[in-house]
Amino acid sequence: MSLYDIDWPKLWKDGRYFAQLPLPCSSKIQTPSDGTLVGEVLAVAADLLGGAYKLGNVTLPLEPAEDLEILPTLSEQSAFFWRRAARALASQLATAKYPIRAQASHLVFWWARLGGLMGVTSVQARTGEQLDSCTSDGSNMEFSWAIPHDTDPSEESNRRIRFTIDPFHPNRGHRIAGGAVLDYLWSEEGNMGLIKNEIGSKDWKDIMEKWLFPDLEHSGEFVEGTTYMIEAFDMEPSGEITLKQYYVPPHPALPGTEPKNRVASYRVTDDLEPFKRLVKELHPSLEAPFKMFVDFVHGDGKESKMKWFMIACDVTRSEKNRLKVYLLSERTTMKDMIYDMTLGGQITGPRVDVAMANFSKFFTHLFPYVKTEESEIQLENNIQGEDEAGRVSRDGVHMMYYFEFFVGESVPFPKIYFFMDHFSKNDYETAKATELFFRDVGKTGEEGWMAKALSHANSHRRLDKRNGIHTMASFGTKPTGWEVTNYYSPELFAPERD
């Protein structure tokens, strides 16, 4: 029996890690509330848990939660990650001003379904190559804020809170197959009436998984060397949750060795030909924009040395879905970035002109020392090996892009990511630069709102002490315009937490 073999039904029924609830779960309002903040929270929890657990007394303020006052402790593992991860989520939902019922709903869901996916409570107890590649401190959870440029931070639901989990076994210390995890969360048993699970919404995920791992017998089979991420946790102000599925396949087998699993494409490759079969199977309208993208990578964009390493899709019906293809590049000048994002000038039009003008502003605020569009950005806080905080360097620290392909759209839509835990002096400087950019494009809000909200969610240390919380900043284009998203590690294992 392999270390990675799991009795999935037994795991999902382990009450130490996953709340055992009566079926079907319902998110509909049934329990009466007295209209107070406390009454609303208790009513939501009662509806979602269906009387399966006794709720505790509530004391104000609710955020940040000091301990499990409302919900019972499932296990020490559950309590550990509630304090270190869910507490940060509670703060972010509050400062984003989600409706109180949505805040309560998202936190109850996290307690019931996600704490058990966070793994063991020590990085040292994880087995094999198990550090998460999204964060330098090893946290296997990463938050993101999609920040509109036309709302005030004091408005209701002023930004979208999302997060990724790279799922680990709660007591064995190894990664687990993300496909099986998503299947559980999408199912009636796991979704608690909150996950969007329309008929056909999981088709792309299943097609992608079978394409990437053609020998896979079922989604619960772990492909060694693969990183599975479920960013799906797009927490909507309505209380609903949208899922996404990500796959980072293994590296190629070493010379003279046989791979344990057949893989359609290994990570870090510029050979995009195998993807054409996947694209055709997902939706015929993706083929033309994907060909434009491949022709650029293999032709005029060859100097960018773009290498594919990750693929993703939404969990939604085909006509609303998108394929996301992630690549790494070694080019670090603004001129090269704009060239690559527009596929050498092939993606054009007023929407693109506006987006690239704002990207230039964003770049300038993040890297004020760059004086020309041909100057390279610098690693201001490069981590050599492992630093005193226990953080590890990203391999090579490249630029990261994705190109997303929407059903029915004729061109790809690019996004670029900056690894700010290496490109910035500290977390405060990144927050300040992002806020200055938004002020430059006309976004309102009190001075310091972004650093204040980020500090509120990360009370274990000062933002200006070092970097590591602020993992990435990104700028992307959409059919509706452009978007800035910032990404954050909860620093689950930071020395300041001990």
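Note: the structure precedes this text.
Note that the structure is a prediction, hence the values are computed from the model and not measured. Going along each chain's sequence as written, the residues are numbered from 1 onward. Only residues with pLDDT of 70 or above have their local features reported here, since the model is predicted, and side-chain atom pairs are shown and tallied only from 80 upward, although totals for entire chains, interfaces and linings are computed over all residues. In computing side-chain values, all of the structure's heavy atoms are included and hydrogens and water are not.

Peer 1: So what exactly am I meant to see when it comes to the overall build of the protein here?
Peer 2: Helix and strand definitions here come from DSSP, where helices need a minimum of 4 consecutive H or I residues and strands a minimum of 2 consecutive E residues; each element is numbered from the N-terminal end. Within the protein, the regular secondary structure consists of 14 helices and eleven strands. The C-alpha atoms of the protein give 22 Å as radius of gyration, which agrees with the globular expectation for 498 residues (23 Å, within 12%). With the C-alpha coordinates aligned to their principal axes, the bounding extent of the protein is approximately 65 × 55 × 45 Å. Across the 498 residues that make up the protein, the buried fraction comes to 58%. Across the protein, contacts joining residues at least 24 apart in sequence account for 70% of those joining residues at least 6 apart. As presented, the protein carries roughly 19,900 Å² of accessible surface, and 51% of it is formed by carbon and sulfur atoms. Computation of the radius of gyration draws on C-alpha atoms, with the globule rule given as 2.2 Å multiplied by the number of residues to the power 0.38. Accessibility here uses a 1.4 Å probe with only protein chains present; expressed as a share of the type maximum, an area under 20% marks a residue as buried, one over 50% as exposed, and anything in between as partly exposed. Residues count as neighbours in contact if any of their non-hydrogen atoms are within 4.5 Å of one another. Using the Shrake-Rupley algorithm and a 1.4 Å probe, accessible areas are obtained, with residue cover drawn only from the displayed protein chains.

Peer 1: Explain empty space enclosed by the protein here, please?
Peer 2: Empty space left among the atoms is revealed by rolling a probe the size of a water molecule over them. Of the grid points, spaced at 1 Å and generated over the protein atoms alone, those admitting a 1.4 Å probe that cannot get out make up cavities, while open sets with protein on both sides within 12 Å along at least five of seven lines make up pockets; any residue with an atom within 4 Å of a point is treated as lining. Grid points are joined across faces, edges and corners, and a volume is the space filled by probe spheres set on the points. Under the criterion given, the structure shown has one cavity of 30 Å³ or more. When its volume is computed, the largest cavity comes out at roughly 40 Å³. A88, Q92, F143, W145, L454, A457, N458, Y488, S489 and P490 together form the lining of the largest cavity. Taken together, the elements giving at least two residues each to the lining of the largest cavity come down to α3 (76-95), β1 (141-147) and α14 (449-457).

Peer 1: Looking at this structure, I do not really get the packing of aromatic side chains. What am I missing?
Peer 2: How two aromatic rings sit relative to each other is given by the distance of their centres and the angle of their planes. When two rings of Phe, Tyr or Trp (its six-membered ring) have centres within 6.5 Å they constitute a pair, described as stacked for plane angles under 30 degrees, edge-to-face for angles over 60, and tilted for the intermediate range. A full pass over the atoms with the stated rule returns 43 aromatic pairs. Centroid distance F290 to F293: 5.6 Å. Interplanar angle 55°. Geometry classified as tilted. Highlighted residues: F290 and F293, both in helix α9 (residues 287-298), separated by three residues, approximately one helical turn. On the basis of relative accessible area, F293 is assigned to the buried category, the value being 0%. Look at Y326 and Y402: their rings are 5.0 Å apart centre to centre, the planes differ by 70°, and that puts the pair in the edge-to-face class. Remark: Y402 occurs in strand β8 (residues 399-406) and Y326 occurs in strand β7 (residues 322-329); sequence separation between them is 76 residues.

Peer 1: Is there a simple way to think about the layout of surface pockets in this case?
Peer 2: Here the second largest pocket is characterised by a volume of approximately 660 Å³. In this structure, the second largest pocket is lined by 25 residues; those nearest its centre are R160, R162, D234, K244 and R322. Each residue is assigned to one of three groups, with Ala, Val, Leu, Ile, Met, Phe, Trp, Tyr, Cys and Pro labelled nonpolar, Asp, Glu, Lys and Arg labelled charged, and all others, Gly among them, labelled polar. In the lining of the second largest pocket, the residues fall into six nonpolar, six polar and 13 charged.

Peer 1: What's the story with the packing of helix α13 (residues 427-440) against α14 in this structure? I'm lost.
Peer 2: Each packed pair of helices is defined by two parameters, the angle between the axes and the distance between the axes. All axes are obtained by fitting lines to C-alpha atoms, using only the stretch in contact for helices, and the reported angles, taken between N-to-C directions, cover 0 to 180 degrees. One can describe the packing of α13 onto α14 by two numbers: an axis separation of 8 Å at closest approach and a directional angle of 140°. Regarding the angle of α13 to α14, the classification is oblique. Side by side, α13 and α14 meet where Y428, A431, T434 and E435 of the first sit next to W449, M450, A451 and L454 of the second. Of the residues that constitute the contact of α13 with α14, the class distribution is six nonpolar, one polar and one charged. Geometric relationships in this document are graded by angle, where less than 35 degrees denotes roughly parallel, more than 145 denotes roughly antiparallel, 65 to 115 denotes roughly perpendicular, and other angles denote oblique.

Peer 1: Mind showing me how you'd approach the side chain of S201 here?
Peer 2: Within the secondary structure, S201 is located in the loop between α6 (188-191) and α7 (203-212). Setting aside anything within four residues of it in sequence, one finds S201 in contact with W186, K196, D314, V315, T316 and R317.

Peer 1: Any chance you could explain helix α8 (residues 275-282) here in plain terms?
Peer 2: In an α-helix, one full turn covers 3.6 residues, which means residues spaced three or four apart are oriented alike. By the burial criterion, the buried members of α8 are F275, L278, V279 and L282. Seen from one end, α8 has its buried residues packed into an arc of 100°, which puts them on one side. Opposite the buried face of α8, by more than 90 degrees, sit the exposed residues R277 and K280. In this structure, the buried residues of α8 make contact with α7, α9, β6 (307-314) and β7. As used here, the arc belongs to the directions running from the helix axis to the C-beta atoms.

Keep in mind these numbers describe shape, not what the thing actually does.
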